[in-house]
Amino acid sequence: MRIGTMGNAVNDGTIDQVVDEARQVAEDGFHTFWVPQIFGHDALTVLAIVGREVPGIELGTAVVPTYPRHPMMMAQQALTVQAATGGRLALGIGLSHQIVVEYMWGLSFDKPVRHLREYLEVLVPLLEGKPVAHQGEAYRVQGAVNVGGGSRPAVLVAALGSQMLRVTGALADGTSTWCVGVKTLRDFTVPTLRQAAADAGRPEPRIVAALPVCVTDDVDAARTRAEQVFAVYNTLPSYRAMMDIEGVAGPKDLAIVGSEAEVRDQLAEVRAVGVTDLNAGVFAGDPDESARTRAVLQEFV
């Protein structure tokens, strides 16, 4: 299981702070530095800058919403990041949420599975340097992109439900999850995705699981902090559905918390269910907890 960590500064810091975060993650020996696309800096633009400053480490988006970016423009931007970083991008994409798509962006969230299927049918060939002639219900695209030095990145989809997982397995390289617990990964996500990939004759998919992690002597305080920090995810139907499958009250119950030994055991359980990449959201309460958490994560690198 490859180990990466989620950056925080992309949302509320400066670009220099994001570069500093990535540099520390690389120096600590982690495999991947992940950044979200929420309402701060643009994730792909920032990673192009990070990649020029920080060598070696894979740089991933977790995740860039599809609806505001035409798949041809997404391909062009992703290939540009690949050219800037020497081919180190993992392109994580996702639908976002109905409340964001419809009420913030004023776009239609109708038939999201169809949207994803057509999006990937346009995006992936363009990333591979092939021209596209696509006449669908959601997209009608004729064209190609040519980015010197760009190469095809891995395409990871924030797929949660069964239909989304099947489309992802058939057309993409893997998934990038959030608010999905270990039991759900083992019994639902991993087997559904693997079967879809096998049915399509594709390689074994990459399964990136993002989970909050904290090594601490005060588990109750850590879970209370997680409940506060991640409260919004209880209100988003797609995440809430995954937590209902897991049988938990909220994100605080998905967090990997405890002593060094307890966190090691929980990380080993994540690895055992077929997760290929952990995207650790370190949510320490103080510098000591942060250092202890990163030290345990480094043991798994």
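Everything that follows concerns the structure shown earlier in this document.
Residues numbered from 1 in each chain as written. Predicted model: local features only at pLDDT ≥ 70, side-chain atom pairs only at ≥ 80, totals over all residues. Heavy atoms only, no water.

Asks: Explain the overall build of the protein residue by residue, including any values.
Replies: Helix and strand counts for the protein stand at twelve helices and twelve strands. Relative to the 2.2 N^0.38 estimate, which gives 19 Å for 301 residues, the radius of gyration of the protein is 19 Å and therefore close to what a compact globule would have. Expressed along its principal axes, the backbone C-alpha trace of the protein runs to roughly 60 × 40 × 40 Å. Burial statistics for the protein: of 301 residues in total, 52% are counted as buried. A sequence separation of at least 24 residues applies to 73% of the contacts in the protein between residues at least 6 apart. Accessible surface computed for the protein: about 12,600 Å², of which carbon and sulfur atoms make up 50%. (Helix = DSSP H or I, 4+ residues; strand = E, 2+ residues; numbered from the N terminus. Rg over C-alpha atoms; globule rule 2.2 N^0.38 Å. Buried < 20%, exposed > 50% of the residue type's maximum accessible area, 1.4 Å probe, protein only. Contact = heavy atoms within 4.5 Å. Areas by Shrake-Rupley, 256 points an atom, 1.4 Å probe, with all protein chains shown as cover.)

Asks: Lay out the packing of aromatic side chains in plain terms, naming residues and giving numbers.
Replies: Summed over all chains, the structure comprises seven aromatic pairs. Ring plane angle 40 degrees and centroid distance 6.4 Å describe the contact between F230 and Y233, whose orientation is recorded as tilted. Y233 sits in the buried class, given a relative accessible area of 19%. A centroid spacing of 5.9 Å and a plane angle of 70 degrees characterise the contact between F230 and F283, whose relative ring orientation is edge-to-face. With F230 in the loop between α9 (219-229) and α10 (237-246) and F283 in the loop between β12 (277-282) and α12 (287-299), this residue pair connects regions lying 53 residues apart in the sequence. Of the two residues, F230 and F283, both sit in the buried class. Through successive ring pairs, a cluster of aromatic residues spans W178, F230, Y233, Y239 and F283. (Phe/Tyr/Trp six-rings, centres within 6.5 Å; stacked < 30°, edge-to-face > 60°.)

Asks: Tell me about helix α2 (residues 15-27), and name the residues and values.
Replies: Given a rise of 1.5 Å per residue, 13 residues ought to cover 18 Å, and the 18 Å separating the end C-alpha atoms of α2 matches this to within 8%. For α2, the full list of buried residues reads V18, V19, A22 and V25. Viewed along the axis of α2, the buried residues span an arc of 125 degrees, placing them on a single side of the element. Across from the buried face of α2, at angles greater than 90 degrees, the exposed residues are D16 and E27. (Expected span 1.5 Å × (residues − 1). Arc of directions from axis to C-beta.)

Asks: Quick rundown of the environment of V215? Include the residues and the values.
Replies: As for its placement among the helices and strands, V215 is situated in strand β10 (residues 206-215). Between the alpha carbons of V215 and A284 there is a distance of 7.6 Å; along the sequence they are 69 residues apart. Those residues within four positions of V215 in sequence are excluded, and the remaining contacts are G258, S259, E260, V263, E289, R292, T293 and V296.

Asks: Break down the pairing of strand β7 (residues 140-143) for me, with residues and values.
Replies: With four bridges connecting them, strand β6 (residues 132-135) and β7 associate as antiparallel partners. Paired with A133 across the strands is Q142, a residue of β7. Taking the residues between adjacent antiparallel strands as the criterion, β6 and β7 are bridged by four residues. (Pairing = 2+ DSSP bridges.)

Asks: Residue-level account of the environment of L236, with values.
Replies: Note that L236 resides in the loop between α9 and α10. When its relative accessible area of 11% is taken as the criterion, L236 is described as buried. Separated by 137 residues in sequence, L236 and I99 place their C-alpha atoms 8.4 Å apart. The residues touching L236, leaving out its near neighbours within four places in the chain, are H97 and I99.

Asks: Lay out a nonpolar patch on the surface with the relevant residues and their values.
Replies: Together, I38, F39 and M104 make up a nonpolar patch on the protein surface, roughly 330 Å² of accessible area in all. Positionally, M104 belongs in helix α5 (residues 98-104). (Patch = residues over 30% accessible without salt bridge, like charges linked within 9 Å, V, L, I, M, F, W, Y side chains within 5 Å. Salt bridge = Lys/Arg side-chain N within 4 Å of Asp/Glu carboxyl O.)

Asks: Mind laying out the pairing of strand β8 (residues 154-157), listing which residues take part and the relevant values?
Replies: Pairing of strand β5 (residues 89-94) with β8 involves four bridges; the strand directions are parallel. When the sheet's bridge partners are listed, L91 is paired in β8 with V155. Pairing analysis gives two bridges linking β8 to strand β9 (residues 174-178), with the strands arranged parallel. Residue pairing across strands places V157 opposite T175, the latter belonging to β9.

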